[in-house]
10 protein chains.
Amino acid sequence: MLFHVEMTVKIPHDSDVNFVNELKAKEKAMSQDLQRSGKWVDIWRIVGKYSNISIFNVESPAELHDILSNLPLFPFMEIEVKSLCKHYSSIKEGQL
Amino acid sequence: MLFHVEMTVKIPHDSDVNFVNELKAKEKAMSQDLQRSGKWVDIWRIVGKYSNISIFNVESPAELHDILSNLPLFPFMEIEVKSLCKHYSSIKEGQL
Amino acid sequence: MLFHVEMTVKIPHDSDVNFVNELKAKEKAMSQDLQRSGKWVDIWRIVGKYSNISIFNVESPAELHDILSNLPLFPFMEIEVKSLCKHYSSIKEGQL
Amino acid sequence: MLFHVEMTVKIPHDSDVNFVNELKAKEKAMSQDLQRSGKWVDIWRIVGKYSNISIFNVESPAELHDILSNLPLFPFMEIEVKSLCKHYSSIKEGQL
Amino acid sequence: MLFHVEMTVKIPHDSDVNFVNELKAKEKAMSQDLQRSGKWVDIWRIVGKYSNISIFNVESPAELHDILSNLPLFPFMEIEVKSLCKHYSSIKEGQL
Amino acid sequence: MLFHVEMTVKIPHDSDVNFVNELKAKEKAMSQDLQRSGKWVDIWRIVGKYSNISIFNVESPAELHDILSNLPLFPFMEIEVKSLCKHYSSIKEGQL
Amino acid sequence: MLFHVEMTVKIPHDSDVNFVNELKAKEKAMSQDLQRSGKWVDIWRIVGKYSNISIFNVESPAELHDILSNLPLFPFMEIEVKSLCKHYSSIKEGQL
Amino acid sequence: MLFHVEMTVKIPHDSDVNFVNELKAKEKAMSQDLQRSGKWVDIWRIVGKYSNISIFNVESPAELHDILSNLPLFPFMEIEVKSLCKHYSSIKEGQL
Amino acid sequence: MLFHVEMTVKIPHDSDVNFVNELKAKEKAMSQDLQRSGKWVDIWRIVGKYSNISIFNVESPAELHDILSNLPLFPFMEIEVKSLCKHYSSIKEGQL
Amino acid sequence: MLFHVEMTVKIPHDSDVNFVNELKAKEKAMSQDLQRSGKWVDIWRIVGKYSNISIFNVESPAELHDILSNLPLFPFMEIEVKSLCKHYSSIKEGQL
């Protein structure tokens, strides 16, 4: 099933630079693993913001929460989740 | 270039049913034409709402406005547009 | 899977009383059928409001949207959906 | 009587890790005691958030405030309380 | 138990004047009956608004909802309910 | 004249515990003095929150500001003031 | 005592023009009477809006509500009232 | 002096089409006259919305209000005005 | 020209007391100089808040920004500016 | 293509003054380079705020994000981006 997820990152300005860089590197690696596995279908940057909009394709809401809450930047993110389903105008077959 | 568009439809309750059905049929046809052309990349229903989230791939902001403002349901929609660009974690090549 | 749904009903004041009563009767019947089937797990009135908070247990987001969008009062409701999963403090077994 | 409670946890990023872990362990223990006693009827995680939605069954509003304000994480939570009553479509007998 | 209720009245401008005056007269009579019974402890006008702030002393949340939803102006009101309990600085004895 | 005041307390988590306890003790003493004098007519806790709703009966807006801005917790409070007057349905005589 | 009042006028588009013009003429006359009496100290238009910001100098909150609720446009206005008092930097003597 | 103005047009769906078209034609003519005169410096469409963002260069706030409140679509617009001044990074000479 | 300015002061709780007192003394002196010059026409305290509402009479928006941004407390203030003009009901001559 | 960008700067009060001044000097230099190149078409200060409104003319959304995210003050700014297109009333030729 598909979920629409908007993540906004807010890292305190006084954080240790090395610590933050390490978090970001781990975040990127984990995100790319999940993209390769087909779980994290899309990720885009919102222009002008330290935010992304992502589409996830998971087995259950629990799996989505498990993925999101294990992201290295999770403690620094505000996350909004919307559940998606097929639109009656969509021409894509067999989706959702 | 990619745009993230959220459309919420609010049709007055006292509208003529035939008029509304005709609008919806035209809207669906136009949406499917744009999907086939590759302009309207994705359209999903938000669960529980008369709203959709769509991804458009257009030549310019002007083209997007031209598409949206010519939708049959445009006078009855609240539309929010977000400009997207490539996320540094994205594994998709050549996109955006 | 479980969803938390908040529905607020706003019927125009100039609606026909018989039409509204018929809608409400159908809504109640459909709600009770869904409760008996185990899909609509809980429904509570929010004190002082023409709103309810409900818990649904469905097979998929698509099934939830199908249920909600077929409710007789759907055109008159504002609906907010939250996806739920098991809380690590919950003592309920095998749920979600 | 039933109350709907939404709790969002916001722990400062510079908190001592051991202190926080101890708080969370105490919170979990207290929550499970209250669940076993029947006071804390349900607790769910909202997908993607460090928030829960809970249903409490208490003797009085004062008892609910007493429970909430004694939770170990209370100083770090934003809490919204809604008073519930029986919905006229509910098929549950003798509840509320 | 005590509840804090804020009611804002919004009557459509094209309503029949006699109908509205009749509703207001019934609303006033019912309010004064409930004040005399001790259920509706206080009612104040918010300066500059067609709103009131009220304190109710009822047996249960269900009783409060029953009172509010039977007010003649209920279909035209937006109502916010807050559950109250004793403040540790209060000098009033035996209250709440 | 009567004022409706909602106070929400937000004390930084890294404040000195003794300092905070001293502030709270002074706040309670001052509140109770003002209650005994008849200036601070009512104070209730909002269930689930570190907030109170209070009714003040003062000689002037200036007196109310003087009272509020001298509360020991004033620097840590967000305060909303609403001016009240007699409601035409109120059965209380000679008030306001 | 002084009050800061912001009034926003929203007249339905289908109102009778003569009726509206009559209301506006009465509103202007009443406003100017109150200005001459010293009750309505200042009235300014907010640039670009059908709104005004006004300062009232009245004997009591009740008098202010009496004035505002008797304005011919009152049923078509959203009104926000703020209670004012002397600022410790103000050089005006004997005011408030 | 420069002002930033955002105008959102909301015309009721049941308006007479000829009346609306006439209003829009007059609006366009007046806007273009003001653009030619140098008062209305810029006007852009916000993509996806029936809104514009405009820059005005006027002699006074009163002149701006006079212009805006005489626009044919003024009764159907929500308008937000921001006062602008020279930014210390701007390389434009003699402006504002 | 007249501007309506609302300033809300938020000084971090861990600021040095002497530093803050010095800022406040300078702020008061500068405010009183500007009041004597006729630039800062009015300043009122909003009851219950560390906020003021002020009326400025300046030569240009640039002059207003220059005044506000040089206030000693400017870095600690949230400021909202509204441009004012003469109301057609105002009896004041030659103003604005 | 044109974008409307509103930037609000929020620098923590405990930041090192020299560090901040250096950031601001770099920000100003980079802004002026971009203005000279024609990318950053306009920049205005919003009166009373540490915010600017800017117009950018760029080749793509990606270029805009690249510019904004490399501004020295980017980590301290809240940025809102709106995509613009030609308004049908605009008299400017060949623009957008």
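The structure reproduced in this document is the subject of the present report. (Residues numbered from 1 in each chain as written. Chains lettered and ligands numbered in written order. Predicted model: local features only at pLDDT ≥ 70, side-chain atom pairs only at ≥ 80, totals over all residues. Heavy atoms only, no water.)

1. A look at the overall build of chain A
Condition: A helix here means a DSSP run of H or I that spans at least four residues, while a strand means a run of E at least two residues long, and both kinds are numbered starting from the N terminus. When a residue's accessible area, from a 1.4 Å probe over protein chains only, is under 20% of the maximum for its type it is buried; when over 50% it is exposed; and in between it is partly exposed. In this analysis, two residues are considered to be in contact whenever any of their non-hydrogen atoms come within 4.5 Å of each other. Here, Shrake-Rupley sampling with a 1.4 Å probe gives the accessible areas, and only protein chains in the shown set may cover a residue. Charged residues are defined here as Lys and Arg on the positive side and Asp and Glu on the negative side; His and the ends of the chain fall outside this count. A charge is said to be at NZ when it belongs to Lys, at CZ for Arg, at CG for Asp and at CD for Glu.
Along its length, chain A carries two helices and four strands. Beginning at the N terminus, the succession of helices and strands in chain A can be written as β-α-β-β-α-β. Taken along its principal axes, the extent of the C-alpha atoms in chain A is 50 × 25 × 20 Å. Counting the 96 residues in chain A, one finds 52% classified as buried. Sequence-distant contacts in chain A: of pairs separated by 6 or more residues, those separated by 24 or more amount to 65%. Accessible area of chain A: about 4,300 Å², with a carbon and sulfur share of 51%. With 11 positive and 13 negative side-chain charges, chain A shows a separation of 6 Å between the mean positions of the two kinds.

2. Points about the sheet that holds strand E2 (residues 40-46) of chain B
Stated formally: Strands qualify as paired when DSSP identifies two bridges or more between them. Note on method: axes are straight lines fitted to C-alpha atoms, helices fitted across the in-contact stretch only, with angles between N-to-C directions ranging 0 to 180 degrees.
Taken together, the eight strands give a closed barrel; going around it, the order is E1(A)-E3(A)-E2(A)-E4(B)-E1(B)-E3(B)-E2(B)-E4(A), and neighbouring strands pair in antiparallel fashion. Averaged over all pairs of adjacent strands, the angle between strand axes in this sheet comes to 35°, irrespective of strand direction. Looking at chain direction, strand E1 (residues 2-9) of chain B and strand E4 (residues 77-86) of chain B are connected through seven bridges and run antiparallel. Residue pairing in the sheet places Val5 of chain B in a bridge with Val81 of chain B of E4 of chain B.

3. Concerning a negative patch on the surface
Inclusion rule: Nonpolar side chains (Val, Leu, Ile, Met, Phe, Trp, Tyr) within 5 Å and like charges within 9 Å form the patches, drawn only from residues with over 30% relative accessible area and no salt bridge. We define a salt bridge as a contact between a side-chain nitrogen of Lys or Arg and a carboxyl oxygen of Asp or Glu at a distance within 4 Å.
A grouping of Asp14 of chain A, Asp14 of chain D, Asp14 of chain F, Asp14 of chain I together with Asp14 of chain J is seen on the molecular surface, where their side chains present a negatively charged patch. Here Asp14 of chain A lies in the loop between strand E1 (2-9) and helix H1 (17-36). Residue Asp14 of chain A is classed as exposed on the basis of its relative accessible area of 72%.

4. Things to note about the interface of chain C and chain A
Our working definition: The buried area of a pairing is the accessible area, by a 1.4 Å probe, that goes missing from both parts when the two are put together, added over both.
Taken residue by residue, the interface counts eight residues in chain C and eight residues in chain A. Both faces considered, chain C and chain A share a buried interface measuring about 650 Å² in area, 84% of it formed by carbon and sulfur atoms. The largest per-residue losses of area from chain C upon contact with chain A belong to Met1, Pro61 and Cys85 of chain C, which jointly make up 56% of the total buried on that side. In this structure, the connection of chain C to chain A is made through zero salt bridges.

5. Focus: the side chain of Arg45 of chain G
Quick reminder of the rule: Nitrogen and oxygen atoms within 3.5 Å of one another constitute a polar contact, given that in protein one can donate a hydrogen and the other can accept it, and given that sequence-neighbouring residues count only through two side-chain atoms.
Within the fold, Arg45 of chain G resides in strand E2 (residues 40-46). At 3.0 Å, the side chain of Arg45 of chain G forms a polar contact with the backbone oxygen of Ser51 of chain G. Look past the residues within four positions of Arg45 of chain G in its chain and what remains in contact with it is Tyr50, Ser51 and Asn52 of chain G, His65 of chain H together with Ser83, Leu84, Cys85, Lys86, His87 and Tyr88 of chain I.

6. Notes on helix H2 (residues 61-69) of chain J
Under the convention used in this document: Taken from the helix axis, the directions to the C-beta atoms give the arc we talk about.
Within the span of H2 of chain J, buried status applies to Pro61, Leu64, His65, Ile67 and Leu68 of chain J. Seen along its axis, H2 of chain J keeps its buried residues to an arc of 160°; they face one direction. In this structure, the buried side of H2 of chain J is in contact with strand E2 (40-46) of chain A, E4 of chain B together with strand E1 (2-9), helix H1 (17-36), strand E3 (51-57) and strand E4 (77-86) of chain J.

7. Quick notes on the interface of chain D and chain C
To be explicit about the condition: Here the nonpolar group is Ala, Val, Leu, Ile, Met, Phe, Trp, Tyr, Cys and Pro; Asp, Glu, Lys and Arg are the charged ones; every other residue, Gly included, is treated as polar.
On the chain C side, the residues contacting the 32 residues of chain D number 32 residues. Summed over both partners, the interface of chain D with chain C buries about 3,000 Å², with 60% contributed by carbon and sulfur atoms. Together, Trp44, Arg45 and Tyr88 of chain D form the three largest contributors to the area buried by chain D at its contact with chain C, with a combined 22%. Across the chain D-chain C interface, the total number found is four salt bridges. Notably, a salt bridge pairs Asp42 of chain C with Lys92 of chain D, separated by 2.4 Å at the nearest N-O pair. At the boundary of chain D with chain C, the tally comes to 17 residue pairs in polar contact (both at pLDDT 80 or more). Listing elements by their share of the side of chain D that touches chain C, those giving two or more residues are strand E1 (2-9), helix H1 (17-36), strand E2 (40-46), strand E3 (51-57) and strand E4 (77-86) of chain D. Residues belonging to the side of chain D that touches chain C are distributed by class as follows: 13 nonpolar, 10 polar and nine charged. Of the pairings in the sheet, the one linking strand E4 (residues 77-86) of chain C to E2 of chain D comprises three bridges and is antiparallel in character. Bridge pairing in E2 of chain D links Leu84 of chain C to Ile46 of chain D.

8. Re the packing of aromatic side chains
Residues and elements named next belong to chain E. This is how the line gets drawn: When the centres of two rings from Phe, Tyr and Trp lie within 6.5 Å, Trp using its six-membered ring, the rings pair. Their planes under 30 degrees apart give stacked, over 60 give edge-to-face, and anything left gives tilted.
Following the criterion strictly, the structure yields 10 aromatic pairs over all chains and no others. Seen in terms of ring centroids, Trp40 and Phe56 are 4.6 Å apart; in terms of plane orientation they differ by 35°. Their pairing is tilted. Of this pair, Trp40 sits in strand E2 (residues 40-46) while Phe56 sits in strand E3 (residues 51-57); the two residues are 16 residues apart in sequence, bridging distant segments of the chain.

9. Describing the relation of the copies chain D and chain C
Test applied: When the copies are superposed, the least-squares fit takes in the C-alpha atoms of residues with a pLDDT of at least 70 in both.
Under the fitted operation, chain D is carried onto chain C by 0.0 Å of movement along the axis and a turn of 180°, and the coordinates agree to an RMSD of 0.0 Å. Taken together, the turn and the small shift mark the pair as related by a two-fold rotation axis. Most of the interface of chain D is mirrored in chain C: 100% of its interface residues are interface residues there too.

10. With respect to helix H1 (residues 17-36) of chain I
Residues and elements named next belong to chain I. Short version of the rule: To estimate the expected span of a helix, subtract one from its residue number and multiply by 1.5 Å.
When the terminal C-alpha atoms of H1 are compared, their 29 Å separation across 20 residues agrees well with the 28 Å that a helix rising 1.5 Å per residue should span. Capping of H1 at its N-terminal end is provided by Asp16; its side-chain oxygen lies 3.3 Å from the backbone amide nitrogen of Asn18. Of the residues flanking the end of H1, it is Gly38, one or two places downstream, whose phi is positive at about 90°.

11. Let's talk about the pattern of salt bridges
Residues and elements named next belong to chain C. Evaluation of the coordinates by the stated rule reveals 70 salt bridges over all chains. We note a salt bridge from Lys26 to Glu22, for which the minimum N-O separation is 3.9 Å. One end of the pair, Lys26, and the other, Glu22, are both in helix H1 (residues 17-36), four residues apart, so they sit about a helical turn from each other. Lys26 sits in the partly exposed class, given a relative accessible area of 47%.

12. Side note on the sheet that holds strand E4 (residues 77-86) of chain E
On the basis of which strands lie adjacent, the closed barrel formed by eight strands has the order E1(E)-E3(E)-E2(E)-E4(F)-E1(F)-E3(F)-E2(F)-E4(E) and antiparallel pairing. When strand polarity is set aside, the average angle formed by the axes of neighbouring strands in this sheet is 35°. Here E2 of chain E runs beside E3 of chain E; their pairing, made up of five bridges, is antiparallel. Across the sheet, Trp44 of chain E pairs through a bridge with Ile53 of chain E, a residue of E3 of chain E. Each of strand E2 (40-46) and strand E4 (77-86) of chain F is contacted by helix H1 (residues 17-37) of chain F, which is oriented at about 135° to E2 of chain F, the strand it contacts most. The strands that helix H2 (residues 61-69) of chain G touches are E2 of chain E together with E4 of chain F; relative to E4 of chain F, the one it contacts most, it runs at about 70°.

13. Remarks on the state of the cysteines
Here is the rule: Throughout, disulfides are identified as pairs of cysteine sulfur atoms within 2.5 Å of each other.
Summed over all chains, the structure comprises zero disulfides over all chains. Cysteine Cys85 of chain A shares no disulfide, and the gap to the nearest cysteine sulfur, in Cys85 of chain C, comes to 20 Å. Residue classification places Cys85 of chain A among the buried residues on the basis of a relative accessible area of 3%.

14. Quick word on the environment of Ile91 of chain J
One can find Ile91 of chain J in the segment after E4. On a C-alpha basis, the gap between Ile91 of chain J and Val20 of chain J in space is 42 Å, while along the polypeptide they are 71 residues apart. Excluding its chain neighbours within four sequence positions, the residues that come into contact with Ile91 of chain J are Gln32, Gln35 and Arg36 of chain H.

15. A look at the relation of the copies chain C and chain A
The transform that puts chain C on chain A rotates by 180° and translates by 0.0 Å along the axis, for an RMSD of 0.0 Å. With an isologous cut-off of 70% or more, the 100% of interface residues of chain C that recur at the interface of chain A puts this contact in the isologous class.

16. Comments concerning the pairing of strand E1 (residues 2-9) of chain I
Residues and elements named next belong to chain I. Of all eight residues in E1, six are buried, a share of seventy percent or more. With seven bridges connecting them, E1 and strand E3 (residues 51-57) associate as antiparallel partners. Residue pairing in the sheet places Val5 in a bridge with Ser54 of E3.

17. Examining the side chain of Ser89 of chain A
Checked against the element boundaries, Ser89 of chain A lands in the segment after strand E4 (77-86). On the basis of relative accessible area, Ser89 of chain A is assigned to the buried category, the value being 2%. With sequence-adjacent residues up to four places away left out, Ser89 of chain A is seen in contact with Lys28, Ser31, Gln32 and Gln35 of chain B.

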